[in-house]
Amino acid sequence: MKKLKIAFVCVHNSCRSQMAEAIAKVLTADFFDPYSAGTETKPQINQDAVRIISKLYGVDMNETQHSKLIDTIPQELDVLVTMGCHVECPFIPTKHREDWGLDDPTGLPDEAFIKTAELIKEKLLDLKMRIVRKEIDIK
């Protein structure tokens, strides 16, 4: 099976979607080709998110990623995940779309970032399993 193109979309592409991209690169690189993007950008990725992902996964997002707009992701995706931004994302062609409804940990203590990372991991592995079990049809 070819790797599925998955994009994580949030408003600023500076925290949750960046965390999801980094976690997907570590945990599901054999299954997903991950991207992240936003409807707006920030000058840099949230540095608390960078620190927590480095601590948990050994990935320096300042080196591997940057905030980018949705027009930079592949035109045709297999999976689109919105992070719970409470904004309407523009139409992006995809075979499967879901919203993870994650609260933004920006400005909160490290525990909130760790909880967000744990939720992303759980949801990512669950999504992969649902696809493998063909509960989600990606054709």
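In what follows, the structure referred to is the one given above.
What counts as what
- Residues numbered from 1 in each chain as written.
- Predicted model: local features only at pLDDT ≥ 70, side-chain atom pairs only at ≥ 80, totals over all residues.
- Heavy atoms only, no water.
- Helix = DSSP H or I, 4+ residues; strand = E, 2+ residues; numbered from the N terminus.
- Buried < 20%, exposed > 50% of the residue type's maximum accessible area, 1.4 Å probe, protein only.
- Contact = heavy atoms within 4.5 Å.
- Axes fitted to C-alpha atoms, helices over the stretch in contact; angles between N-to-C directions.
- Parallel < 35°, antiparallel > 145°, perpendicular 65-115°, else oblique.
- Left-handed = near helix turned anticlockwise from the far one by under 90°.
- Nonpolar A, V, L, I, M, F, W, Y, C, P; charged D, E, K, R; others polar.
- Pairing = 2+ DSSP bridges.
- Right-handed = clockwise from strand over helix to strand, strands pointing away.

A.B. asks: Just checking my understanding: could you explain the side chain of Ser-14 for this structure?
C.D. replies: Counting through the fold element by element, Ser-14 comes out in the loop between strand E1 (4-10) and helix H1 (16-27). By relative accessible area, Ser-14 is classed as buried at 13%. Contact partners of Ser-14, with chain neighbours within four places excluded, come to Lys-42, Gln-44, Ile-45 and Asn-46.

A.B. asks: Before we go on, may I ask you to explain the packing of H1 against helix H4 (residues 110-132) in this structure?
C.D. replies: Helix packing for two helices is described by the angle between their axes and how far apart those axes are. Where H1 contacts H4, the two axes come as close as 10 Å, and the packing angle between them is 55 degrees. In terms of axis orientation, H1 runs oblique to H4. Between H1 and H4 lies a crossing whose hand is right-handed. Here H1 contributes Arg-16, Met-19, Ala-20, Ile-23, Ala-24 and Leu-27 to the contact with H4, which in turn contributes Phe-113, Thr-116, Ala-117, Ile-120, Lys-121 and Leu-124. Classifying every residue of the contact of H1 with H4 by side-chain character gives nine nonpolar, one polar and two charged.

A.B. asks: Honestly, the pairing of strand E2 (residues 32-38) in this entry has me stumped. Any pointers?
C.D. replies: If a strand is regular, its side chains alternate between the two faces of the sheet. Within E2, five of the seven residues are buried, which leaves the element mostly enclosed by the surrounding structure. In this structure, E1 lies alongside E2, joined through seven bridges in parallel fashion. When the bridges of E2 are listed, Val-9 appears paired with Ala-37. For the crossover from E1 across H1 to E2, the handedness is right-handed.

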